Amino acid sequence: MTSPRLENFRRIVVKVGSSLLVDSEAGEVHASWLAALAADIARLHGRGCELLVVSSGSIALGRSRLKLPRGPLKLEESQAAAAVGQIALARIWSEVLGAHGIGAGQILVTLQDTEERRRYLNARSTIGKLLEWRAVPVINENDTVATAEIRYGDNDRLAARVATMASADLLVLLSDIDGLYTAPPAQNPNARLIPVVESITADIEAMAGSAASEFSRGGMRTKIEAAKIATTGGTHMLIASGKIEHPLAAIANGGRCTWFLTPANPVTARKRWIAGSLEPKGTLTIDAGAVTALRAGKSLLPAGVVRVDGQFARGDAVVVRGPDTHEIGRGLVAYDADDAERIKGRSSPDVAVILGISGRAEMIHRDDLVIGPAGVGTGWIG
């Protein structure tokens, strides 16, 4: 099967592991390699692509700055090292991207931030605004506060969650190996690279290896898990070598890698999730003008809402009904039920006055809304 091409993707998440970023002997970043990667990012950015970086390295940099001995760290030691390393990591990314005139924004997340809906929406909104401003979000696990119970433990799965949260259409995992092999290539000279994985089967999972680096918490097994998360969410994924300079340019030029394909896309996957996987917690009844606007692809504004029913929180799924009570669609509401009741039927400028804060303009953003075909009261399309 023909592999996709890097230049065809609009929103790309690039995951960089600690072993690529940090020279374990010197305790410093691989400066020339990182500068080359930043040049690759800038080239894609200049062509209109939206880039996000998921970067490991805070603990590795912190333990270097603190001159900690080699070997495993206790949880509180890792958290303290991360507190020092996160400052260094943010500065490094700001400098290398800033050299190309690109702003960098740091976002620290935990497992709960991508699992709990309110936090998820806040992180998604922040990422969306940074991309709108043409900045590059640099995302890392918040090791300073994450406990053993609420942390990812590797940034491969974190990168996959970020990719689906941001509705990215491609996740690039830069690794110390150039893709998935039929067997560990260091142990089996007959191992073959698999260029394209159309679906993750039991045979594909059986090929996964384990982590080999002191600083890396990943390994092929976690990359396969990341591929499951990404492809289920409508995001293509690839594994490629990060041990070469200009790794993204190498991918663009047809370099060796493994593509994991998804049959969906981020928008349809997200809307399928909204339509069929979430239990509605309430109902918004809207007027005829709002029905027309929604069918034209617009967001639902407070002015179009005439009735609010149910007890729901921001981020919950709600049913949207027209004036004839027929179901128009479903979506993730941007306000709690009490606030939605207060601002229904009001114009956007009134919302800030009523709530005392400058809230979101939309009751439901169109990206969080699934609208059914006209004349159908009980079904909808993504």
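For the structure, check the block above.
Keep in mind that this is a model prediction, so the values were computed, not measured. (Residues numbered from 1 in each chain as written. Predicted model: local features only at pLDDT ≥ 70, side-chain atom pairs only at ≥ 80, totals over all residues. Heavy atoms only, no water.)

Asks: When you look at the packing of aromatic side chains in this model, what are you seeing that I'm missing?
Replies: For any pair of aromatic rings, geometry is given as the distance between the ring centres together with the angle between the planes. Summed over all chains, the structure comprises 1 aromatic pair. Taken together, a centroid distance of 5.8 Å and an interplanar angle of 20 degrees make the contact between Phe9 and Trp259 stacked. Of the two residues, Phe9 sits in the segment before strand S1 (11-16) while Trp259 sits in strand S10 (residues 257-260), which places them 250 residues apart along the sequence. Pair check on accessibility: Phe9 and Trp259 agree, each one buried. (Phe/Tyr/Trp six-rings, centres within 6.5 Å; stacked < 30°, edge-to-face > 60°. Helix = DSSP H or I, 4+ residues; strand = E, 2+ residues; numbered from the N terminus. Buried < 20%, exposed > 50% of the residue type's maximum accessible area, 1.4 Å probe, protein only.)

Asks: I'm lost on the sheet that holds S10 in this one. Help?
Replies: Paired through their backbone hydrogen bonds, the strands of a sheet run either parallel or antiparallel. Reading across from one edge, S5-S6-S4-S1-S7-S9-S10-S8 is the order of the 8 strands in this open sheet, with mixed pairing throughout. Here the strands that pair on one side only, and so sit at the sheet edges, are strand S5 (104-109) and strand S8 (196-197). Sheet topology places strand S7 (residues 170-175) next to strand S9 (residues 236-241); 6 bridges connect them, and they run parallel. Within S9, the residue paired with Val172 across the bridge is Leu238. (Pairing = 2+ DSSP bridges.)

Asks: In this structure, what is going on with the nonpolar core? I would like to understand it.
Replies: The nonpolar side chains of a soluble globular protein tend to be buried, and buried together. Within the largest apolar cluster, 41 residues are counted, with the highest numbers of intra-cluster contacts made by Ile12, Val16, Leu37, Trp93, Leu97, Leu174 and Leu248. Ranked by residues supplied to this core, first place goes to helix H2 (residues 31-46) with 7 residues. One finds Leu158, Met165, Ile204 and Ile239 within the second-largest nonpolar core, a separate group that totals 37 residues. (Core = buried A, V, L, I, M, F, W, Y, C linked by side-chain atoms within 4.5 Å.)

Asks: Explanation requested: a nonpolar patch on the surface in the structure shown.
Replies: On the surface, Leu66, Leu68 and Val84 cluster together to form a nonpolar patch covering roughly 200 Å² of accessible area. Positionally, Val84 belongs in helix H4 (residues 75-98). Taking relative accessible area as the criterion, Val84 reaches 31% and is therefore assigned partly exposed. (Patch = residues over 30% accessible without salt bridge, like charges linked within 9 Å, V, L, I, M, F, W, Y side chains within 5 Å. Areas by Shrake-Rupley, 256 points an atom, 1.4 Å probe, with all protein chains shown as cover. Salt bridge = Lys/Arg side-chain N within 4 Å of Asp/Glu carboxyl O.)

Asks: So what exactly am I meant to see when it comes to the pattern of salt bridges here?
Replies: Charged atoms that come close allow side chains of opposite charge to pair. Within the structure shown, the criterion is met by 17 salt bridges. Among the ionic pairs, Arg256 bridges to Asp178, the shortest N-O distance being 3.2 Å. Of this pair, Arg256 sits in the loop between helix H10 (247-252) and S10 while Asp178 is found in the loop between S7 and S8, placing the two residues 78 residues apart along the sequence. Accessibility expressed as a relative area gives 51% for Arg256, which makes it exposed. As a salt-bridge pair, Arg307 and Asp309 come within 2.9 Å of each other at their nearest N and O atoms. By relative accessible area, Arg307 is classed as partly exposed at 49%.

Asks: When you look at unusual backbone geometry in this model, what are you seeing that I'm missing?
Replies: At Lys67, a position not held by glycine, the phi torsion is positive, near 55 degrees. Looking at the secondary structure, you find Lys67 in the loop between helix H3 (58-65) and H4. Its identity as a non-glycine residue notwithstanding, Thr325 has a phi of 75 degrees, on the positive side. Relative to the assigned elements, Thr325 resides in the loop between strand S13 (317-321) and strand S14 (327-332).

Asks: Please clarify how the sheet that holds strand S12 (residues 305-310) should be interpreted in this entry.
Replies: The sheet built from 5 strands is open, its strands ordered S12-S11-S13-S14-S15 with mixed pairing. Because the sheet does not close on itself, it has two edges, and the strands there are S12 and strand S15 (369-371). Mean inter-strand twist for the sheet, computed between neighbouring axes without regard to direction, equals 20 degrees. Where strand S11 (residues 282-286) and S12 come together, 5 bridges link them in antiparallel fashion. Bridge assignment links Ile286 to a residue of S12, and that residue is Val305. Where helix H12 (residues 288-295) meets the sheet, it contacts S11, S13, S14 and S15, and its direction lies at approximately 105 degrees from that of S11. (Axes fitted to C-alpha atoms, helices over the stretch in contact; angles between N-to-C directions. Contact = heavy atoms within 4.5 Å.)

Asks: Looking at this structure, how should I read the pairing of S10?
Replies: Side-chain direction in a regular strand flips from residue to residue, so the side chains alternate between the two faces of the sheet. Side chains of S10 alternate between two faces, with Cys257 and Trp259 and Thr258 and Phe260 buried alike. Here 2 bridges tie S8 to S10, and the two strands are oriented parallel to one another. Across the sheet, the residue bridging to Val196 is Trp259, located in S10. The pairing of S9 with S10 spans 4 bridges and is antiparallel.

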